[in-house]
Amino acid sequence: MNIISSAERQIILDTETTGMNQGAGAVYLGHRIIEIGCVEVINRRPTGRTYHQYLNPGQLIDEEAIAVHGITNERVAAEPRFHEVASDFIEFIRGAELVAHNASFDMSFINHEFSMLSPRGPVVEDICDVLDSLAVAKFLHPGQKNNLDALCKRYGIDNSRRTYHGALLDAEILADVYLIMTGGQTKFNLNADEGGQADGGIMRLQDNRAPLKVVRATADELDNHEKRLDLVGKSGKCLWRG
């Protein structure tokens, strides 16, 4: 499995829905999308562009789902219906590679929403490539837990803000997970603020800083080092010497 995508532009995507059925067939039980969150990545660097939209599904949200994502019926009552924002959403994702965790679930819901547009909308796979980050995680970590929380723990990503599941927050976390999991950087940014601190914890050294102290080995230390290498060499092949 080739885990490094060649796509220049990727959209890391997550959705929240009215029900908690996790299979791709959950859409056939009548559930609808209530939140979409997208993070744009170009050449494996987050650009800062996002797409985030709450939606009124036109039906009640299951209590079990509310307990997980915290989105209530009252919260989305005044939000637009999907058909009102569909063109903006399609414009944002068109031509990109969509990256989603358990992608078949999200794509089935999006395609279902597209199918109810008038005129009928596109099929996601006809306007975007789709990459399932869960499949990538299972390839890299077979037999282990590979949900988003487990991957955050495995890769040392702070997800303490994740009190509830939320589409945009989960997309942001998934972007970090995916880029680290596939060997790329995440929040590397040299645009430092006035204090020298850049986004992602990168520190820019000031031009007027004091010269860095260079500590060199003494003659005795160099001699002891050579003696140690001689000792290692006598015990077998010395890898530090040609």
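**As for the environment of alanine 175**
For step 1, the next point in the chain: Positionally, alanine 175 belongs in helix H8 (residues 167–181).
For step 2, the next point in the chain: Taking relative accessible area as the criterion, alanine 175 reaches 3% and is therefore assigned buried.
For step 3, the next point in the chain: For the pair alanine 175 and isoleucine 12, spaced 163 residues apart in sequence, the C-alpha to C-alpha distance is 6.0 Å.
For step 4, the next point in the chain: In this structure, alanine 175 is in contact with Ile12 and Val39, ignoring residues within four places of it in sequence.

**Overview of the sheet that holds strand E4 (residues 97–100)**
For step 1, the next point in the chain: If you walk across this open sheet you meet the 5 strands as E3-E2-E1-E4-E5, and the pairing is mixed. Looking along the sheet, the strands with just one partner apiece sit at the ends: strand E3 (45–54) and strand E5 (129–132). Pairwise comparison of adjacent strand axes, ignoring direction, gives a mean angle of 25° for this sheet.
For step 2, the next point in the chain: Two elements, strand E2 (residues 33–42) and E3, share 7 bridges in a ladder whose sense is antiparallel. Paired with valine 41 across the two strands is proline 46, which belongs to E3.
For step 3, the next point in the chain: In the packing of helix H3 (residues 82–93) onto the sheet, contacts are made with strand E1 (9–17), E2, E3 and E4, and the angle to E3 comes to roughly 170°.
For step 4, the next point in the chain: Here helix H4 (residues 103–115) sits on the sheet and contacts E1, E2, E4 and E5; the angle it forms with E1, its principal contact strand, is near 80°.

**What to know about the packing of helix H6 (residues 133–140) against H8**
For step 1, the next point in the chain: As a packed pair, H6 and H8 sit with axes 11 Å apart at the nearest point and diverge in direction by 40°. One way to sum up the angle between H6 and H8 is to call them oblique. Every pair of crossing elements has a handedness; the one defined by H6 and H8 is left-handed. Residues Ser133, Val136, Ala137 and Leu140 of H6 form the contact with H8, whose own contacting residues are Leu174, Tyr178 and Met181.
For step 2, the next point in the chain: Taken together, the residues of the contact of H6 with H8 break down into 6 nonpolar, 1 polar and no charged.

**Focus on the confidence of the model for the protein**
For step 1, the next point in the chain: In the predicted model, the protein carries a mean pLDDT of 85, and the fraction of residues at 70 or more is 82%.
For step 2, the next point in the chain: Considering only residues more than four positions removed or in separate chains, one finds that residues 186–202, a stretch of pLDDT under 50, has 28 contacts.

**Regarding the packing of aromatic side chains**
For step 1, the next point in the chain: One pass over the full model with this rule turns up 6 aromatic pairs.
For step 2, the next point in the chain: Pairing phenylalanine 82 with phenylalanine 89 gives two aromatic rings, centres 6.4 Å apart and planes at 75°, and the pair type is edge-to-face. Neither phenylalanine 82 nor phenylalanine 89 differs from the other in exposure class; each is buried.
For step 3, the next point in the chain: Between the aromatic rings of phenylalanine 89 and phenylalanine 114, the centroid separation amounts to 6.2 Å while the plane-to-plane angle is 45°, which identifies the pairing as tilted. One end of the pair, phenylalanine 89, is in helix H3; the other, phenylalanine 114, is in helix H4, and 25 residues separate them in sequence.

The rules behind each value
Residues numbered from 1 in each chain as written. Predicted model: local features only at pLDDT ≥ 70, side-chain atom pairs only at ≥ 80, totals over all residues. Heavy atoms only, no water. Helix = DSSP H or I, 4+ residues; strand = E, 2+ residues; numbered from the N terminus. Buried < 20%, exposed > 50% of the residue type's maximum accessible area, 1.4 Å probe, protein only. Contact = heavy atoms within 4.5 Å. Pairing = 2+ DSSP bridges. Axes fitted to C-alpha atoms, helices over the stretch in contact; angles between N-to-C directions. Parallel < 35°, antiparallel > 145°, perpendicular 65-115°, else oblique. Left-handed = near helix turned anticlockwise from the far one by under 90°. Nonpolar A, V, L, I, M, F, W, Y, C, P; charged D, E, K, R; others polar. pLDDT = per-residue confidence, 0-100. Phe/Tyr/Trp six-rings, centres within 6.5 Å; stacked < 30°, edge-to-face > 60°.

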